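Single-letter residue listing:
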Amino acid sequence: MLRKAEIDRIEATLEEMFPDAFCELIHRNPFELVVAVALSAQATDVLVNQVTPGLFAAYPDPASLAAAPVEEIEDKIKRLGLYRNKAKNIKALAAQLLAQHDGEVPMERAGLEALPGVGRKTANVVLSVAFDVPAFAVDTHVERVSKRLGICRWKDNVTQVEATLMRRFKRERWSKLHHQFIFFGRYHCKAQRPNCEACPLLDMCREGKKRTKGLATP
């Protein structure tokens, strides 16, 4: 387990590298955000941002999306993987917002996770970004970075990763750190070609030490 000094170093490094990290999914309100995050499963934010302007122009609110034929929704998002299933989910999501929440996105976890196509990660993003509720959403970038740096164990599942991150970092930092972990993983510590040689955390990175064949400082 990393010492507190090492955790503090990671936090300070991410703050120095990505002080302005933010949610890159383009949205104007909580409804657009929850739909965009639901669409982002197994898709890049860049691709989602290319699809959602046309989707939201056609269906700007839950009522119009819930009333739309699923085939038309599919056509709007067909560039995304799993688009047929996602079209069914966001249509059902919109219908449930109307039926159970007066067309508003719920501000509590239970209501969010009950929506079709919304899991814990999506709920965490919406709580954090839309409603300023501290949360630490774990996507592939967050999971990869936290395991490479030794914050979490290789065998940990996403629930265990989230619990560890929430335990090791202060609650008021969760939301910002979530985006900083994503930026670090997306633009620096990439899955296939991480920039190990230029990484300020190389000496404490298990993956980096393997990739640089022991060149890191012990």
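Let us look at the structure shown here. Here the structure is a predicted model, which means the values were calculated and not measured.

The full count for this structure, using the stated rule, is 16 salt bridges. Across the pair Arg 9 and Asp 203 runs a salt bridge, and its minimum N-O distance is 2.6 Å. Residue Arg 9 is found in helix H1 (residues 4–17), and its partner Asp 203 is found in the loop between helix H11 (174–187) and helix H12 (206–211); the two are separated by 194 residues along the sequence. Residue Asp 203 is classed as partly exposed on the basis of its relative accessible area of 25%. In this structure, Arg 153 engages Asp 156 in a salt bridge whose closest nitrogen and oxygen atoms are separated by 2.7 Å.

Another aspect to go through is the packing of helix H2 (residues 30–39) against helix H3 (residues 45–58). The interhelical angle for the contact between H2 and H3, taken along N-to-C directions, is 135°, at an axis separation of 11 Å. Judged by the angle between their axes, H2 and H3 are oblique. Crossing hand, H2 versus H3: right-handed. Residues Glu 32, Val 35, Ala 36 and Leu 39 of H2 form the contact with H3, whose participating residues are Val 48, Thr 52, Leu 55 and Phe 56. Looking at side-chain class alone, the contact of H2 with H3 contains 6 nonpolar, 1 polar and 1 charged residues.

So, on to the packing of aromatic side chains. This model, assessed by the stated rule, comprises 7 aromatic pairs. Here the aromatic rings of Phe 136 and Phe 181 are separated by 5.7 Å at their centres, their planes lie at 75°, and the arrangement is edge-to-face. Here Phe 136 is found in the loop between helix H8 (120–131) and helix H9 (140–148), whereas its partner Phe 181 is found in helix H11, with 45 residues between them in sequence. Relative to Tyr 187, the ring of Phe 183 lies with its centre 5.3 Å away and its plane at 75°, an arrangement referred to as edge-to-face.

Glancing now at the packing of H3 against helix H5 (residues 70–77). Here H3 crosses H5 at 150°, and the two axes come no closer than 8 Å. Classified by the angle between their axes, H3 and H5 sit roughly antiparallel to one another. Judged by residue contacts, Val 51, Gly 54, Leu 55 and Ala 58 of H3 engage Ile 73, Lys 76 and Ile 77 from H5.

Next up on the list: the environment of Glu 71. In this fold, Glu 71 is placed in helix H5. You can call Glu 71 exposed: its relative accessible area is 54%. In the structure, Glu 71 is positioned 13 residues away from Arg 84 in sequence and 8.4 Å away in space, judged by C-alpha atoms.

Another aspect to go through is the environment of His 141. In this structure, His 141 sits in helix H9. In sequence terms His 141 and Val 35 are 106 residues apart; their C-alpha atoms lie 20 Å from each other. Apart from residues lying up to four places away in sequence, His 141 is in contact with Phe 181, Ile 182, Gly 185 and Arg 186. Within the structure, the side chain of His 141 is placed 2.9 Å from the side chain of Arg 144, a separation counted as a polar contact.

On to the side chain of His 179. Relative to the elements of secondary structure, His 179 occurs in helix H11. Relative accessible area serves as the criterion here: at 10%, His 179 is assigned to the buried category. For His 179, the contacting residues outside a window of four places in its chain are Ala 21, Phe 22, Cys 23 and Val 129.

Thresholds applied
Residues numbered from 1 in each chain as written. Predicted model: local features only at pLDDT ≥ 70, side-chain atom pairs only at ≥ 80, totals over all residues. Heavy atoms only, no water. Salt bridge = Lys/Arg side-chain N within 4 Å of Asp/Glu carboxyl O. Helix = DSSP H or I, 4+ residues; strand = E, 2+ residues; numbered from the N terminus. Buried < 20%, exposed > 50% of the residue type's maximum accessible area, 1.4 Å probe, protein only. Axes fitted to C-alpha atoms, helices over the stretch in contact; angles between N-to-C directions. Parallel < 35°, antiparallel > 145°, perpendicular 65-115°, else oblique. Left-handed = near helix turned anticlockwise from the far one by under 90°. Contact = heavy atoms within 4.5 Å. Nonpolar A, V, L, I, M, F, W, Y, C, P; charged D, E, K, R; others polar. Phe/Tyr/Trp six-rings, centres within 6.5 Å; stacked < 30°, edge-to-face > 60°. Polar contact = N/O pair within 3.5 Å; in protein donor to acceptor, adjacent residues only side chain to side chain.

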